Amino acid sequence: MKCEKIYFATLSIVYAFIFLLGNWGDASPEGEWMSSAAPWLGEAPAGLKYETYRSESAAGFPRDVFTIPANEELCRKIIETYAMQEVEPGRYANNQVKPLYPAENTPELTAERSCISPWLEVKSDGSMRFCADDANVAFDEQKAVPLAPAYPQYLPQGQWELLYRELMLAVLCFMFPAVFCCVGWLWVQRHSLRAPGTKRICLQLVAVVAFVGAVVDFFWHGFDTTYTLWSALVAVILNLLVAGILMGLTALVRAMLGKPL
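(A) Representation of the sheet that holds strand β4 (residues 91–93) in the model. A sheet is described by the order of its strands in space; here six strands give the open sequence β1-β2-β7-β6-β4-β3, paired in antiparallel fashion. In this open sheet, the two strands that pair with only one neighbour each are β1 (49–53) and β3 (85–88). Direction aside, neighbouring strands of the sheet carry axes that sit 25° apart on average. Taken together, the three bridges between strand β2 (residues 63–68) and strand β7 (residues 128–131) define a ladder with antiparallel strand orientation. Note that in β7 the partner of Ile68 across the bridge is Met128.

(B) A look at the environment of Met128. Note on placement: Met128 falls in strand β7. Spatially, the C-alpha atoms of Met128 and Leu249 are 58 Å apart, while their sequence positions differ by 121 residues. Among all residues touching Met128, those that are not within four sequence positions of it are Phe66, Thr67, Ile68, Pro69, Asn71, Cys75, Leu120, Glu121 and Val122.

(C) The state of the cysteines, seen in detail. Scanning all chains against the criterion turns up zero disulfides. Between Cys115, a cysteine without a disulfide, and Cys131, which holds the nearest cysteine sulfur, the sulfur-to-sulfur distance is 15 Å. A relative accessible area of 0% places Cys115 in the buried class. Of the cysteine sulfurs around Cys173, a residue in no disulfide, the closest is that of Cys181, at 15 Å. Classification of Cys173 as buried rests on a relative accessible area of 1%.

(D) Representation of the packing of aromatic side chains within the structure. If you walk through the whole model with that rule in mind, you get 13 aromatic pairs. Ring centres of Tyr151 and Tyr154 lie 6.3 Å apart, and the angle between their planes is 35°; this geometry places the pair in the tilted category. Note on Tyr151: relative accessible area 25%, which makes it partly exposed. The exposure class assigned to Tyr154 is partly exposed, which follows from its relative accessible area of 21%. Here the aromatic rings of Phe176 and Phe180 are separated by 5.7 Å at their centres, their planes lie at 50°, and the arrangement is tilted. Taken as a pair, Phe176 and Phe180 lie in helix α6 (residues 176–188) at a separation of four residues, close to a single helical turn. Judged by relative accessible area, Phe176 falls into the buried class, the value being 16%. Here the aromatic cluster, defined as three or more aromatic residues joined through ring pairs, consists of Trp33, Tyr50, Phe66, Tyr82 and Phe130.

Quick notes on the rules
Residues numbered from 1 in each chain as written. Predicted model: local features only at pLDDT ≥ 70, side-chain atom pairs only at ≥ 80, totals over all residues. Heavy atoms only, no water. Pairing = 2+ DSSP bridges. Helix = DSSP H or I, 4+ residues; strand = E, 2+ residues; numbered from the N terminus. Axes fitted to C-alpha atoms, helices over the stretch in contact; angles between N-to-C directions. Contact = heavy atoms within 4.5 Å. Disulfide = S-S within 2.5 Å. Buried < 20%, exposed > 50% of the residue type's maximum accessible area, 1.4 Å probe, protein only. Phe/Tyr/Trp six-rings, centres within 6.5 Å; stacked < 30°, edge-to-face > 60°.

Rendered as structure tokens:
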């Protein structure tokens with residue numbers, strides 16, 4: 001069992017490191033404002049707060065919401081910038097805004113939506129809750145209001161870094177445990193496929209870490225519990241599939257070379 005413990009500890013540490021690296025960034029309210037609202041509204045206001053609200057259903061998405069102290073000028077600016085309409089007392093929204101990005105900032109390489117759906121709630125004391133894009137709102141791109149960023153200097157200068165991070169997290173969740181264990185155990189240490197620890201390390205341990213890692217990943221990002229658990233199950237299935245393929249390739253190569261499995 002010593003080898004299993006070593007693999008479990010090492011894989012968990014490496015998994016956690018890559019996960020944190022993939023989510024590395026400025027998680028402060030000001031940092032989140034700069035990435036989602038600054039291109040349209042400019043610098044972050046004083047007293048800004050930020051919170052991610054967990055999705056309310058398996059089909060829903062998390063909401064990133066800013067809390068802003070009373071600021072009549074900024075309130076008016078938000079409503080005018082996004083061409084919002086009052087949908088009910090104290091609540092303003094525009095369900096379909098189509099950002100007109102400069103060519104070098106077009107997020108076509110990522111999972112960004114083609115339209116955004118901002119909304120604003122103004123409380124009786126003048127304080128506000130602002131969501132720069134509610135992904136739970138459906139939109140009709142043909143009826144979308146085009147909107148060029150008023151502060152293009154705050155747009156990200158390239159999308160490759162974001163794409164790289166998204167791919168890194170996808171690989172981490174859906175195949176990394178299998179690759180780590182199978183390559184390390186079968187290829188680096190050259191253990192037999194029939195060795196007592198092979199099933200535990202290449203299959204059982206892979207399934208456990210894949211499940212726990214995916215739960216942490218999706219729950220961390222604010223997804224619904226049901227969606228999170230289903231995603232974790234998919235992560236387990238894909239990792240076991242990858243492990244099976246790697247074990248099969250190992251057996252095939254060893255058989256071709258006349259070496260014991």
